[in-house]
Amino acid sequence: LFFWNVMIKGYAKNGPYEEAIALYYQMLRTGLQPNKFTFPFVLKACASLNAPEEGITIHKHIRNLRFEADVYVGAALIDMHGKCGNTQDARDVFDKMPHRNLVAWTAMIAGYAQNGKPIEALWLFKEMGLVGMRSDSVALGSAVLACASLKALLTGKTIHGYILKSGFEFYVYVATGLIDMYAKCGSVEFARKVFDRMPQRNAVSWNAMISGYAQNGHAKEALALFKKMHFGLATPD
RNA sequence: CGCACUAGGAUCU
């Protein structure tokens, strides 16, 4: 069983994802019972493939084998349903979990944020704080994304405040999210401030800042930054 | 076997 799990994990991580799912069924055919380690990998493969039918079938297996309440399996289920666009199924799993950890909350928040439900995402983020769950950089980053799609500048600034307090401002994806959020809210100046403070930038941060300028009609700045990117270490997309 | 990257996160397209 360990061997199967490792094999499935490998394919779930690097693809081809179909192989992970095929392997899972092959394992069932040998009569082996999957365990709670098996499912997160298989579900991840479904999520990456955007295969809701597959995911729902495997969700049934999980339910039959009573693994639904496991925190790892639960978080993976929420993620899978979220990535496949089924926020309601994700929420059902979330609501049924006896013990929710940070990942479960974050996966649910990200699920809402990525499916055009930023209000639900922010509401859940707030609720998470109310129940005393401490957020990490990923949770904060997802909340920032929700603000970006809502163009909720004030809420975004509040969350930026939390980020400063918790010291996550230099995580590249958190800072990049902030740049995007400020740019989408029309505040290129704030976006630039975040950008300038970043100790490290990747192609995505550059891209976010440049398109932020472009979206707000600052073609000159966008071009200037684009040249700078060429000039520097980063490779443009 | 909690498996030393076991599960969730980023811009534009």
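Note that the structure is predicted; figures quoted are calculated from it, not measured.

Chemist: Got a sec to walk through the protein's contact with RNA strand B? Specific residues and values, please.
Modeler: Close contacts around RNA strand B come from 34 residues, with Phe2, Phe37, Tyr72, Lys83 and Tyr173 the closest. Backbone atoms, meaning sugar and phosphate, form 43% of the atoms of RNA strand B found within 4 Å of the protein. A distance of 2.4 Å is found between a base nitrogen of RNA strand B and a side-chain nitrogen or oxygen belonging to Asn35. Side-chain polar atom of Asp180 to a sugar or linking oxygen of RNA strand B: 3.3 Å apart, as the coordinates give it. Of the residues assigned to the surface near RNA strand B, the class counts are 15 nonpolar, 10 polar and nine charged.

Chemist: So what's going on with the nonpolar core? Residues and values would help.
Modeler: Counting residues in hydrophobic clusters, the biggest one holds 71 residues, and the most contacted among them are Ile78 and Ile159. Among the elements that take part in this core, helix α7 (residues 102-114) stands out by supplying eight residues, more than any other. Excluding its chain neighbours within four sequence positions, the residues that come into contact with Ile78 are Ala90, Val93, Phe94, Met97, Ala104, Ala107 and Met108.

Chemist: I'd like a description of the packing of aromatic side chains, backed by residues and values.
Modeler: Scanning all chains against the criterion turns up nine aromatic pairs. Judged by centre distance (6.1 Å) and plane angle (85°), the ring pair of Tyr171 and Tyr173 falls under edge-to-face. Counting every residue linked through ring pairs, the aromatic cluster contains Tyr24, Tyr25, Phe39 and Phe67. Just above the ring of Phe94 sits the side chain of Arg100; from NZ or CZ to the centre is 4.6 Å. Over the ring of Phe195 we find Arg201, and its NZ or CZ is 4.4 Å from the ring centre.

Chemist: Quick rundown of a nonpolar patch on the surface? Include the residues and the values.
Modeler: A cluster of nonpolar side chains, Val138, Tyr171 and Tyr173, forms an exposed patch at the surface whose accessible area comes to about 280 Å². Take Val138: it is sitting in helix α9 (residues 137-150).

Chemist: Go over the packing of helix α3 (residues 38-49) against helix α4 (residues 52-64) with me, naming the residues and quoting the values.
Modeler: Direction vectors running N to C along α3 and α4 enclose 165°, while the axes themselves pass 9 Å from each other. Comparing their axes, α4 and α3 come out roughly antiparallel. The crossing of α3 and α4 is left-handed. Here Phe39, Val42, Leu43 and Cys46 of α3 come into contact with α4, specifically with Glu54, Gly55, Ile58, His61 and Ile62. A per-class count over the contact of α3 with α4 returns six nonpolar, two polar and one charged.

The rules we used
Residues numbered from 1 in each chain as written. Chains lettered and ligands numbered in written order. Predicted model: local features only at pLDDT ≥ 70, side-chain atom pairs only at ≥ 80, totals over all residues. Heavy atoms only, no water. Near = heavy atom within 4 Å. Polar contact = N/O pair within 3.5 Å; in protein donor to acceptor, adjacent residues only side chain to side chain. Nonpolar A, V, L, I, M, F, W, Y, C, P; charged D, E, K, R; others polar. Core = buried A, V, L, I, M, F, W, Y, C linked by side-chain atoms within 4.5 Å. Buried < 20%, exposed > 50% of the residue type's maximum accessible area, 1.4 Å probe, protein only. Helix = DSSP H or I, 4+ residues; strand = E, 2+ residues; numbered from the N terminus. Contact = heavy atoms within 4.5 Å. Phe/Tyr/Trp six-rings, centres within 6.5 Å; stacked < 30°, edge-to-face > 60°. Lys NZ or Arg CZ within 6 Å of the ring centre and 35° of its normal. Patch = residues over 30% accessible without salt bridge, like charges linked within 9 Å, V, L, I, M, F, W, Y side chains within 5 Å. Areas by Shrake-Rupley, 256 points an atom, 1.4 Å probe, with all protein chains shown as cover. Salt bridge = Lys/Arg side-chain N within 4 Å of Asp/Glu carboxyl O. Axes fitted to C-alpha atoms, helices over the stretch in contact; angles between N-to-C directions. Parallel < 35°, antiparallel > 145°, perpendicular 65-115°, else oblique. Left-handed = near helix turned anticlockwise from the far one by under 90°.

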